[in-house]
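Survey of secondary and tertiary structure
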Amino acid sequence: MSNPCIACLGIFQLEPGIDRQLDRICHERRERMAVTSKEKIIESVKKEGYQFDTFTVEISIPGIVMVRERAVWQHLQEKHGSQSRLQGKHLSEHVVSSKEALKGALIKSLEESLQAVHDSGSTFKIALRYKHPETVCELGFPGCSLKRKRGVMNEVNGDFTEPVESLVAIQRCLASISAKDFASIYPYPPPKCAVACNLDVSCYRTATLIGGRYLKFSRNISQSPWMIEEERKGDGSVQEIIADVVFPHFKADSYKFHASGREDIDVRMLGGGRPFMMEIVNARVLVSPDDIQKIEDSVNSLKEGWVKVRNLQLVGADARSSMLEGETEKQKQYTAVIWLSRCISNDEINDFMALKDLQIQQKTPVRVLHRRSPLVRPRMIHWLKLDRIEGTEHYYLLHLCSQAGTYIKEFVHGDLGRTYPNVGSLLKCEAEILQLDVTDIAMDLFNE
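Residues numbered from 1 in each chain as written. Predicted model: local features only at pLDDT ≥ 70, side-chain atom pairs only at ≥ 80, totals over all residues. Heavy atoms only, no water.

1. A word on the side chain of Ser98
- Topologically, Ser98 is positioned in helix 5 (residues 98-114).
- Take Ser98: its relative accessible area is 6%, and that puts it in the buried class.
- At a separation of 2.2 Å, a polar atom in the side chain of Ser98 contacts the side chain of Glu69.
- Look past the residues within four positions of Ser98 in its chain and what remains in contact with it is Phe12, Ile61, Val65 and Glu69. (Helix = DSSP H or I, 4+ residues; strand = E, 2+ residues; numbered from the N terminus. Buried < 20%, exposed > 50% of the residue type's maximum accessible area, 1.4 Å probe, protein only. Polar contact = N/O pair within 3.5 Å; in protein donor to acceptor, adjacent residues only side chain to side chain. Contact = heavy atoms within 4.5 Å.)

2. Describing the packing of aromatic side chains
- As enumerated under the stated definition, the model contains 6 aromatic pairs in all.
- Ring centres of Tyr50 and Phe124 lie 4.9 Å apart, and the angle between their planes is 50°; this geometry places the pair in the tilted category. Within this pair, whereas Tyr50 is found in the loop between helix 2 (30-48) and strand 1 (54-60), its partner Phe124 is found in strand 3 (residues 124-131), the two being separated by 74 residues in sequence. As far as the burial class goes, Tyr50 and Phe124 line up, both buried.
- Ring centres of Phe52 and Phe124 lie 4.3 Å apart, and the angle between their planes is 20°; on these two criteria the pair is classed as stacked. Separated by 72 residues along the polypeptide, Phe52 in the loop between helix 2 and strand 1 and Phe124 in strand 3 bring together distant segments of the chain. Residues Phe52 and Phe124 agree in their burial class; the two are buried.
- Taken together, the aromatic side chains of Tyr50, Phe52 and Phe124 make up a single cluster linked through ring pairs. (Phe/Tyr/Trp six-rings, centres within 6.5 Å; stacked < 30°, edge-to-face > 60°.)

3. Side note on the sheet that holds strand 2 (residues 117-118)
- Taking strand neighbours across the sheet as the criterion, the 4 strands line up as 2-1-3-4 in an open arrangement whose pairing is mixed. Because the sheet does not close on itself, it has two edges, and the strands there are strand 2 and strand 4 (198-205).
- Packed onto the sheet, helix 5 meets strand 1, strand 2 and strand 3 and runs at close to 150° relative to strand 1. (Pairing = 2+ DSSP bridges. Axes fitted to C-alpha atoms, helices over the stretch in contact; angles between N-to-C directions.)

4. Looking at the confidence of the model for the protein chain
- Confidence along the protein chain averages 85 in pLDDT terms, with 84% of residues attaining 70 or more.
- For residues 15-34, every residue scores under 50 in pLDDT, and the model assigns this stretch 38 contacts once sequence neighbours within four places are set aside.
- Overall, residues 148-153 carries pLDDT values under 50, and its contacts beyond four positions in sequence, including any with other chains, amount to 15 contacts. (pLDDT = per-residue confidence, 0-100.)

What follows is the structure in structure tokens.
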């Protein structure tokens, strides 16, 4: 469009030419512009194949349009300030912004065309982004600059775009700048402009969160894909086994897998399972609780049987924060097969099991020093139980409950003295761990 409106730079304009009456632009052309925007929106929605029953509209306009709105308003006040409706009033108190005017014109029509309800809390977003090459930062407005350190993150794929104007900074600047200072920076009425705004329409859904608990029955399955020098370790991962079933149902762009802690590849996860969450990015398909139950059944019917899930459910964002809090606050129970260098008497076993809330000091284990900071971490062992394996003298079942973050293997063998006290020092013998299982994670999350 050539020779666009001096105020909206073509946002509300279909035909070329400048209409000097701002009210006529807003009232006569708004509905016609809404039709054009609506057609682009419907085309974008159909192309992506989204399922939705509610939606919300997000509109972003260039900072230069905000500046031109202010210039038009200042011009009206100077020329017609004697009128009572203009006296002593700020722009925001009297004029509907371009963004709100466009949104008001679109919503009812979109509800009818999309057969969905507009809801500001909807997870399905229709984004209208108007762009213009002229920027506020080129005009020298104080505090209105590009975010140069980082760009804006794409809500869908997480990529960063080119740095853009900070619209919040522009709004703050325009709200605080005096009429005199504004006039020294920008002319009013606004000058003609040869270039109109361009409209980009995009649709996306905010993250869909699926929570539950997983159980791992194999000692050769890691929690997430494990690669060393481009060589895969183990038979697979909990993440991939679950995601290969869950992810296709949503026709989404990608996913992220989160869990409340992790077990080593050779450790089984038994009992009630470990809380986990899948963050489905930009899902096209809506799923119901019945669909979630079918997905759970599909995971649990996999022939290998290495991983099972329970209590799979759709959850809100607060569940993720609860899960992360549980990583440091929860208690965990374990069962381990251990070897002791000597036979332990019943009295020694009883004394060992009498220990309660035993505090230990753990230096970062040798096996993880390459990826963890070399620190000393105090940890609590809440209780201990030792059962002799029948028919043996040196093999025992160790049951214990510990604070989250305790390295259990190192608590058994001492890690060359880096964990103290340890099972070996408490029983005055050498101790080695042969097998380890997590048997309970004390969290209420996803228990039902």
